Each structure stands twice: as C-alpha cells, then as structure tokens.
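Listed below are the residues making up each chain.
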Amino acid sequence: MSSSPSATTFPTIAAAIGVSVPVLRFLICFALTIPISFIWRLVPRTLPKHLYAALTGAFLSYLSFGFSSNLHFVVSMGIGYGSMVVCRQWCGIVTFFGAFAYLIGCHVYYMSGDAWKEGGIDATGALMVLTLKVISCSINYNDGLLKEEGLRDSQKKNRLLNLPSVIEYIGYCLCCGSQFAGPVYEMKDYLDWTEGNGIWSPSKKQPSPFGAVACAVIQAAICMALYLNLVLLFPLSLFTSPVYAHWGFWKRLGYQYMCGFTARWKYYFIWSISEASIIISGFGFSGWTESSPPKARWDRAKNVNIIGVELCKSSVELPVHWNIQVSTWLRHYVYDRLVPKGKKAGFFQLLCTQTVSAIWHGLYPGYIIFFVQSALMIAGSRALFRWQQKASDLLKTLLAFTNFAYTVLVLNYSAVGFMVLSLHETLTAYGGVYYIGTIIPISLIVLGSTIKPAKPARSKTRKDQ
C-alpha cells in the first residue's frame, strides 16, 4: 500500500532544514497565522469576528499539536472564566495560582524542556502564553471593583468593569494564533479592536500594514537563515565534552557567547512571524508618531528589538528589548503589585518577578538558575549605573562601556542554563569559566551597597542662601 505524499514530503523537507517533523508542522501552522490574520480584517463586526478568532485559533492548535492541546486550553480558560463568574473579588488570585498550577503540571507531565532540546514540540509553549492572558483578564476584572483613585495608569487603562461574554473570552485567548508565541495583549484592547473603538474607529485614519508586514517577514527569513547556519557550528553538547574541557578560559567564554548569540536568532525568527501576523490583522497598530508626516506605530505587535538586545548598554534595559510584551506583563501583574504603597521597589520585587518568570518557563534547574542569575545581573548593572551617573565625563564613558561589556558577558554566561536546562550541564559550563558571571554581579551588588556614589557638592552661593 503506497504512503500518502505528505508522509514522504514532510520528513524530506524537515531533514533538509534540520528540524523534526512535528516542528515543521508547527512552523507551517505558525506561518498560516499571517493569511488567517489578514482574513480577519474582512470578517464583519462584532460576533462574527469573535467566532472567527476562536475557531481559527482552535483549528491551528489542533493541526499543530493535536486535539489534546485544545483540551488543555479549555481547562486554563475555564479556571479564569469560572473564577470571574463565581468569585469576582478573588478572581485575580484564584486564576493566578490555579492557571499557574495547571501549567506547571503540564510542564512536569510532558517534560517539555527535554522535548524542545531533542527537536520535539508540544502544546505547553502555547499554554504558557494562554496562561498569561487568562491571568491578566481576571486581574483586570478584579481591578474593576476598585476605586480609580490610587490605581496605577496601567490599571486604569486595562481594568474591566463588565464581564466579557464567553465567545469574547475565547476569541481573546485564541485570536490570530497568538497563543503560539504571543504577543500577550489585554482584553480591553482586544475588545476595542474587535468593536472598532478608540484608535481602530472607522472614523479615524487607519494605516496600511503591508510595509511593516514585509519588513517583519524579511527579518524572520534572515533570522532563520542565520540560526540554521550557526546552530551547526555551535552545538550545546560541547559543554560536557572533553574538547570543551581542554580549551582555555577565553575560548570557553567565547563559545558561551556564540551559543547564546546563536540561540537568540531562533527567538527572533519566531517573534518576527508573530509580529507580522498581529500587524496584518490591524491589532498591532498603536497610534501615530508626532513626526511630520506622522508614521504608524506597531508597538503592540513588537516582541523584540534585535539591535537593542545585541548592543544593550545596560542589563536594566534588556526587558525593554527582549520578549517585550511578556516583560510588560511581568511588570504590571507581578513587579508593580509587590511594591507597597509609598515605597520603592527593591531586589525582593526583582527576584520574585524573575522567579515567576522561571516557573512560567518550567521547573528545570537551568531555568531557575538563569532567572536568579538575571536578577543578580540587573542588580549589578544598577550599581554600575548609579556610579556612572555621579562620575566625571571621562569616568562616565568608561563606566558606560564597562556596563555594556558586563551585560554581554553575564547575559551569555547566564543563558547557558536556559539552553542546556540540566543542573550538571549548567554547572559544568559555569565552572569552566570559574563562575565569573556569578561572582562579578554579586561583587558589584556588595560594592554598590558599601561604596555609595558621591553626592554633587553644593555651591558656595547655595550654601549662603
């Protein structure tokens, strides 16, 4: 009995580009989010758009991961929507811990990190994005009970006064295949977009998305080409091989940098495709610049600034450039909400936020170590920045370069844990460079707390006054 054409074609194409068949299937469905998002523009408002968003999102998930993926989504969405219906006053907390608990259970059951390393793929990556959406929706519905006075700007903008309908909720969760890789967005924005309110009002000028989409697709192609070529030259398996053990310090450090650099292009590719999808739907539009003539901004679709990441001047700026929408989510729903009223955020809030991010990715030692490392990295960079602000011009330039070099070093050192995941491989790689990326941040934090930057001296005239 002859096999179907797809049974032979898929393995051939997958082997040609160096991925597994499940990953190839996912990539095809992921690319289909672009034409599917374009068709959304042609669907009549409002209920048909919600139905289209829900059905196409569920269908793409089925094609990518199988029927079980939608069952997982139903559980997570059920936790969020059920809590909003039953206990509005506590729905934010209930959804936060309930949805996270279910996500962690799926991470443990599927051992998703190991599957990803071996070229497999499952629905847990999509469930990660969905988890953030259901949590933010519940928290914003909870915020709708609070008085506007004393709320942060983000709370005022995103809070929900009324319960979304079931179809609105499902459309929000699955729209344009955004559950695959983001970006994470707010229910309030989704409803405004679908209903044609605010900046999407038919009475207001709407930009053409095609130029921005073309740029995103070209960027995605370049990123994928770079990744497929570099990944063959810098395999992660080398960290535990005798070859790596015999290298000198600088060669090991350089290899860590190149592995981190290589891995990032995979994420740049994924986020570029998701950016194209959200832009072509119109949802990525976020207003006009004040330049003359004004240009369309697509900030809502943007998840990464490649130049900003690779040439980041300070570790503190990394969340502004990397996984932008998730970083924004973490700030609004974790970091800011841990700060007591009238007080400033400190290392505790930073560490808690990074811990939540680590758990969100999965309970692998490499993830935990990476995000603890990133908290240390940011805290150390802040110490450098404080000294930099009070230094003379020459010293300020030197400290600025030091902060840049520090960020490059510690980021790529820390990223090894995120890539290899296992405790043994992480510690082997870190130990190979004498834990330099851990020792330097801790040293800067200690020095920063003992050596305070000198306050500018008050002028004699000021004193006399």
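In case you missed it, the structure is sitting above this.
Here the structure is a predicted model, which means the values were calculated and not measured.

Peer 1: Where do I start with the nonpolar core in this structure?
Peer 2: One recurring pattern in soluble globular proteins: nonpolar side chains tend to sit buried together. Ranked by internal contacts, the top residues of the largest apolar core, which has 119 residues, are Tyr 169, Tyr 190 and Trp 329. Residue contributions to this core peak at 15 residues, all from helix H13 (residues 249-281). Non-local contacts of Tyr 190, meaning those with residues more than four positions away in its chain, are made with His 50, Ala 53, Glu 168, Gly 171, Tyr 172, Cys 175, Tyr 185 and Phe 283.

Peer 1: Please clarify how the state of the cysteines should be interpreted in this entry.
Peer 2: Each disulfide is one covalent bond, formed between the sulfur atoms of two cysteines. Counted by the stated rule, this structure contains 0 disulfides. Cys 87 carries a free sulfur, and the closest cysteine sulfur to it, the one in Cys 91, is 6.6 Å from it. Cys 91 sits in the buried class, given a relative accessible area of 0%.

Peer 1: Teacher, can you tell me more about the packing of helix H19 (residues 393-420) against helix H20 (residues 423-432) here?
Peer 2: Axes are the key here: two packed helices are described by the angle between their axes and the distance separating the axes. Where H19 contacts H20, the two axes come as close as 9 Å, and the packing angle between them is 160°. By the angle between their directions, the pair H19 and H20 is classed as roughly antiparallel. Crossing of H19 against H20: the hand is right-handed. Along its contact with H19, which presents Tyr 413, Ser 414, Val 416, Gly 417 and Val 420, the element H20 presents Glu 425, Thr 426, Ala 429 and Tyr 430. Partitioning the contact of H19 with H20 into residue classes produces 5 nonpolar, 3 polar and 1 charged.

Peer 1: What exactly am I supposed to notice about the pattern of salt bridges here?
Peer 2: A complete count under the given rule lists 8 salt bridges for this structure. A salt bridge links Arg 159 to Glu 148; the nearest nitrogen and oxygen atoms lie 3.5 Å apart. In this pair, Arg 159 sits in the loop between helix H8 (153-158) and helix H9 (166-174) while Glu 148 sits in the loop between helix H7 (124-143) and H8, placing the two residues 11 residues apart along the sequence. Shared partners join several salt bridges into a network, and the residues in it are Lys 157, Asp 189 and Arg 300.

About the cut-offs
Residues numbered from 1 in each chain as written. Predicted model: local features only at pLDDT ≥ 70, side-chain atom pairs only at ≥ 80, totals over all residues. Heavy atoms only, no water. Core = buried A, V, L, I, M, F, W, Y, C linked by side-chain atoms within 4.5 Å. Buried < 20%, exposed > 50% of the residue type's maximum accessible area, 1.4 Å probe, protein only. Helix = DSSP H or I, 4+ residues; strand = E, 2+ residues; numbered from the N terminus. Contact = heavy atoms within 4.5 Å. Disulfide = S-S within 2.5 Å. Axes fitted to C-alpha atoms, helices over the stretch in contact; angles between N-to-C directions. Parallel < 35°, antiparallel > 145°, perpendicular 65-115°, else oblique. Left-handed = near helix turned anticlockwise from the far one by under 90°. Nonpolar A, V, L, I, M, F, W, Y, C, P; charged D, E, K, R; others polar. Salt bridge = Lys/Arg side-chain N within 4 Å of Asp/Glu carboxyl O.

None of the figures reported here should be taken as evidence of function without further support.
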